[in-house]
Amino acid sequence: MGVLNVTPDSFSDGGALHQHGKPSVDKALARVEQMLDEGAAIIDVGGESTRPGAEPVSLTEELDRVVPVVEAITQRFETIVSVDTSSPDVMLAAAAAGAGMLNDVRALERPGAIAAAAKTGLPVCLMHMQGQPKTMQQSPNYHSVVNEVSGYLQSRADACIAAGIDRSRLLIDPGFGFGKSVEHNLGLLNHLSVLVELDYPVLVGLSRKSLIGKVLGRDVDQRLAGSLALAVLAAERGASIIRVHDVAETVDAVSLYSAVIAH
Ligand code: 7PJ
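The paragraphs below set out a description of the structure included in this document. (Residues numbered from 1 in each chain as written. Predicted model: local features only at pLDDT ≥ 70, side-chain atom pairs only at ≥ 80, totals over all residues. Heavy atoms only, no water.)

1. A word on the overall build of the protein chain
When helices and strands are tallied, the protein chain shows 10 helices and 10 strands. Over its C-alpha atoms the protein chain spans a radius of gyration of 17 Å, differing by no more than 12% from the 18 Å that the globule rule assigns to 263 residues. If one aligns the C-alpha atoms of the protein chain with their principal axes, the spans along those axes are about 40 × 40 × 40 Å. Within the span of the protein chain, comprising 263 residues, buried residues form 52% of the whole. Considering only residue pairs separated by 6 or more positions, the protein chain has 67% of its internal contacts joining residues 24 or more positions apart. Carbon and sulfur atoms form 52% of the exposed surface of the protein chain, whose accessible area is close to 11600 Å². (Helix = DSSP H or I, 4+ residues; strand = E, 2+ residues; numbered from the N terminus. Rg over C-alpha atoms; globule rule 2.2 N^0.38 Å. Buried < 20%, exposed > 50% of the residue type's maximum accessible area, 1.4 Å probe, protein only. Contact = heavy atoms within 4.5 Å. Areas by Shrake-Rupley, 256 points an atom, 1.4 Å probe, with all protein chains shown as cover.)

Right under this line is the structure:
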């Protein structure tokens, strides 16, 4: 899964696809074409920055950022467009514009989100987050991080199924970096099998995240090797989808892993 940020303030590639403060559809399409050439199977379009400390975005702003880009991608390319949103209105508008998947860092907790997602009939990724982006990294706290994240994802999946979303449409994600210390993140990755055992495909996003910076002492533009190491580890521990910025390099790394385990 390749990341396409259409926010002006992403932590890892801040505003790269913007022109005069507005998302440029042409720049977005060029970036999508590149990621598809490099081997991405899914493009994840996000119009709300959820980096630590980020301010919430208005609904109109998010719709203006996301919908034209989703429409342009689905018209031009044969790929699955995932939409990184927590807003029921954005989910419905994105589905109408051709999106093939929903990705919610708030696991459909916003009022109306489960009903909207059910109405679209699309697959949906439920992610765990402790707190809200503005404050989530201030004092993450767990008694047992693996059990709490796993229990939360199970209960959100149950709520979705009760609301009419087919079990086969659900994916889960521990939400690396979302209200978690370095130790919490490392424990979740090491014990990813606990989530895999819930029997939903597991999606992980580790690309360029601060845990790499903290373990290795690297700035955000020096985290490629660390991101690749974690991508291979996540694959080895059973992740089905790996959300990344550096598609070509990740495809190489994970392809070698696949080649080795085939023998
Ligand atoms: C994730 C995400 C993640 C899912 C972001 C970033 C921050 N969606 N959206 N999982 N991270 N499902 O790209 O570093 O880890 S935004």
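And the narrative resumes.
2. Remarks on the site of the ligand
As a structural note, the neighbourhood of the ligand is formed by 12 residues, with Asp84, Asn103, Asp173, Lys209 and Arg243 the closest of them. Measuring from an oxygen atom of the ligand, one finds a side-chain N or O atom of Lys209 at 2.6 Å. Compared with its free state, where it exposes 390 Å², the ligand has 93% of that area covered by protein. Residue composition of the shell around the ligand, grouped by class: five nonpolar, three polar and four charged. (Near = heavy atom within 4 Å. Polar contact = N/O pair within 3.5 Å; in protein donor to acceptor, adjacent residues only side chain to side chain. Nonpolar A, V, L, I, M, F, W, Y, C, P; charged D, E, K, R; others polar.)

3. Remarks on the pattern of salt bridges
One side chain can pair with another of opposite charge once the charged atoms of both are near each other. With the rule as written, the count across this model stands at eight salt bridges. When the shortest N-O distance is used, the salt bridge between Glu61 and Arg65 registers 3.1 Å. Of this pair, Glu61 and Arg65 both sit in helix 2 (residues 59-76), four residues apart, roughly one helical turn. In this structure Glu61 comes out as partly exposed when scored by relative accessible area, which is 34%. Between Glu236 and Arg237 there is a salt bridge, with the nearest N and O atoms lying 2.6 Å from each other. Of the residues examined, Arg237 reaches a relative accessible area of 25% and is grouped as partly exposed. Where salt bridges share partners, they join Asp44, Asp84 and Arg243 into one cluster. (Salt bridge = Lys/Arg side-chain N within 4 Å of Asp/Glu carboxyl O.)

4. As for the packing of aromatic side chains
In this description, an aromatic ring pair is defined by two values, namely the gap between the centres and the angle between the planes. Applying the stated criterion across every chain yields a total of zero aromatic pairs. In this arrangement the basic side chain of Arg167 is found over the ring face of Tyr200, its NZ or CZ atom lying 4.0 Å from the centre. (Phe/Tyr/Trp six-rings, centres within 6.5 Å; stacked < 30°, edge-to-face > 60°. Lys NZ or Arg CZ within 6 Å of the ring centre and 35° of its normal.)

5. Remarks on the nonpolar core
If you look at the biggest cluster of nonpolar residues, it comprises 66 residues, and the most contacted ones within it are Leu4, Val45, Ile73, Leu108 and Val204. Here this core gets seven residues from one element, more than from any other, and that element is helix 5 (residues 145-162). One finds Cys125, Leu171, Leu203 and Ile241 within the second-largest nonpolar core, a separate group that totals seven residues. (Core = buried A, V, L, I, M, F, W, Y, C linked by side-chain atoms within 4.5 Å.)

6. Observations regarding empty space enclosed by the protein
In the structure shown here, the tally under the stated rule is one cavity of 30 Å³ or more. Estimates place the volume of the largest cavity at around 40 Å³. Lining the largest cavity are Ser207, Leu224, Ser227, Leu228, Ala231, Val244, His245, Asp246 and Thr250. Per-element tally for the lining of the largest cavity: the top contributor is helix 9 (residues 224-236), with four residues. Each residue belonging to the lining of the largest cavity can be placed in one class, and the counts come to four nonpolar, four polar and one charged. (1 Å grid on protein atoms, 1.4 Å probe; cavity = no way out; pocket = protein on both sides within 12 Å on 5 of 7 lines; lining within 4 Å. Points joined across faces, edges and corners; volume = space filled by probe spheres on them.)

7. Brief notes about the pairing of strand 8 (residues 170-173)
In strand 8, alternate side chains face the same way, and those of Leu170 and Ile172 on one face and Leu171 and Asp173 on the other are all buried. Looking at chain direction, strand 7 (residues 124-127) and strand 8 are connected through four bridges and run parallel. Of the residues in strand 8, the one forming a bridge with Cys125 is Leu171. Since strand 7 and strand 8 lie parallel, the crossover through helix 5 that links them has a hand, and here it is right-handed. (Pairing = 2+ DSSP bridges. Right-handed = clockwise from strand over helix to strand, strands pointing away.)

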